[in-house]
Amino acid sequence: MTDAPAVRLHDVEKTYEEEGLRVTALAGITADIPRGRFVMIVGPSGSGKSTLLNLIGCIDRPTRGTVEVAGQAIAALSDDRLTDFRARAVGFVFQNFNLFPVLSAYENVEYPLLLLGLTAKERRERTMAMLEQVGLAEQARQRPNQLSGGQKQRVAIARALVKGPSLVLADEPTANLDSANGAAIIALMREVQRQHATSFVFSTHDPQLMSHADETFTLKDGKLVGHHMAEAA
Ligand SMILES: Nc1ncnc2c1ncn2[C@@H]1O[C@H](COP(=O)(O)OP(=O)(O)OP(=O)(O)O)[C@@H](O)[C@H]1O
Ligand SMILES: [Mg+2]
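The rules behind these values
- Residues numbered from 1 in each chain as written.
- Chains lettered and ligands numbered in written order.
- Predicted model: local features only at pLDDT ≥ 70, side-chain atom pairs only at ≥ 80, totals over all residues.
- Heavy atoms only, no water.
- Pairing = 2+ DSSP bridges.
- Helix = DSSP H or I, 4+ residues; strand = E, 2+ residues; numbered from the N terminus.
- Phe/Tyr/Trp six-rings, centres within 6.5 Å; stacked < 30°, edge-to-face > 60°.
- Buried < 20%, exposed > 50% of the residue type's maximum accessible area, 1.4 Å probe, protein only.
- Lys, Arg positive; Asp, Glu negative; His and termini not counted.
- Salt bridge = Lys/Arg side-chain N within 4 Å of Asp/Glu carboxyl O.
- Near = heavy atom within 4 Å.
- Polar contact = N/O pair within 3.5 Å; in protein donor to acceptor, adjacent residues only side chain to side chain.
- Areas by Shrake-Rupley, 256 points an atom, 1.4 Å probe, with all protein chains shown as cover.

Caption draft 1: Quick look at the sheet that holds strand β1 (residues 7-18). Taken in spatial order, the four strands line up as β2-β1-β4-β5 in an open sheet, and their pairing is antiparallel. Looking at strand neighbours, the two that pair on one side only are β2 (21-33) and β5 (72-73), the edges of this open sheet. Across 10 bridges, β1 lies against β2 in antiparallel orientation. Among the inter-strand pairings, Tyr16 is bridged to a residue of β2, identified as Val23.

As structure tokens, this is what we get:
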């Protein structure tokens, strides 16, 4: 299904039950997220951004409605096949970097390739190429606690991209960075997104970042309240 959108959401609802209380985090989202674009999801705290990215990233399943990723209906996959699909097709970047503290930058980036069973040579080549691309070849042996916040997020971006996923999801990747580092990370994500022709979806509460995105979806109270496409450059 080569012409399927990166993500297709149909009437997606997600409710959480806690101590008998129902919280509707997403209330019927229908949208197509195109392939090969730099797409932003914006909305205030609690609007459902993380919930939506978790559903798109196959970390969680919707209460109602359907999620398709690259033409694959998520509901049709068993938990095992879903885990395998996620390992191959989806890369993640998180607000808190989520690097393995005991592994070096190099080992953090190489890690997803170990799960895919590549040869040592292939792993080395791909890992070094990705570290170079994010400007951290020199820091390859350093551990996360020896890196700045911006450098940590660069490692996380390299780790997300190294397996060549068709989709990369980044949940508020700039929220723990100062504005200069945040801007640099957005620019780097944009650059690797173009180079790898990956579909990229990142969330933010900062509407000012909209100018960097090809398309922006706006969430409020679990509902999609806006869709904006940048004019073709
Ligand atoms: N595991 C959970 N259990 C119960 N309620 C949850 C859970 N996760 C999220 N929620 C609720 O769902 C709603 C949407 O939360 P979500 O984390 O998706 O918002 P967000 O837009 O990512 O917010 P933020 O900008 O603060 O990260 C909120 O009302 C939140 O309290
Ligand atoms: Mg969130």
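Caption draft 2: Representation of the packing of aromatic side chains. Applying the stated rule across the entire model yields four aromatic pairs. Residues Phe38 and Phe200 carry aromatic rings whose centres are separated by 5.4 Å and whose planes lie at 50° to one another, so their mutual orientation is tilted. Of this pair, Phe38 sits in strand β3 (residues 38-42) while Phe200 sits in strand β8 (residues 199-204), placing them 162 residues apart in sequence. Classification of Phe200 as buried rests on a relative accessible area of 0%. By way of ring pairs, the aromatic residues Phe38, Phe200 and Phe202 are connected into one cluster.

Caption draft 3: How the structure looks around the environment of Tyr111. Within the element layout of this structure, Tyr111 appears in helix α3 (residues 105-115). With a relative accessible area of 33%, Tyr111 lands in the partly exposed category. Separated by 101 residues in the primary sequence, Tyr111 and His10 place their C-alpha atoms 34 Å from one another.

Caption draft 4: The arrangement of the side chain of Arg159 in detail. Its location among the elements puts Arg159 in helix α5 (residues 149-161). With no salt bridge to any partner, buried Arg159 finds its closest opposite charge in Glu107, at an N-O distance of 11 Å.

Caption draft 5: The pattern of salt bridges, seen in detail. Applying the stated criterion across every chain yields a total of 12 salt bridges. Here Glu172 ties to Lys49 by a salt bridge, and the two come within 3.7 Å at their closest N and O atoms. Here Glu172, found in the loop between β7 (167-171) and α6 (179-196), pairs with Lys49, found in helix α1 (residues 49-56); they are 123 residues apart in sequence, far enough to count as distant. The closest approach of N and O atoms between Arg61 and Asp79, which form a salt bridge, is 2.9 Å. One end of the pair, Arg61, is in the loop between α1 and β4 (64-69); the other, Asp79, is in helix α2 (residues 79-89), and 18 residues separate them in sequence. In the salt-bridge network here, residues are joined through shared partners; they are Asp11, Glu13 and Arg64.

Caption draft 6: Seen up close, the site of ligand 1. In the vicinity of ligand 1 lie 13 residues, with Ser45, Gly46, Lys49, Ser50 and Thr51 positioned nearest. Contact distances for ligand 1 include 2.8 Å between an oxygen atom and a backbone N or O atom of Gly46. Contacts to ligand 1 include Ser47, whose backbone N or O atom sits 3.2 Å from an oxygen atom. For ligand 1, whose accessible area on its own is 630 Å², the fraction buried by protein is 64%. Those elements giving two or more residues to the shell around ligand 1 turn out to be β1, β2 and α1. Here the shell around ligand 1 gets three residues from one element, more than from any other, and that element is α1.

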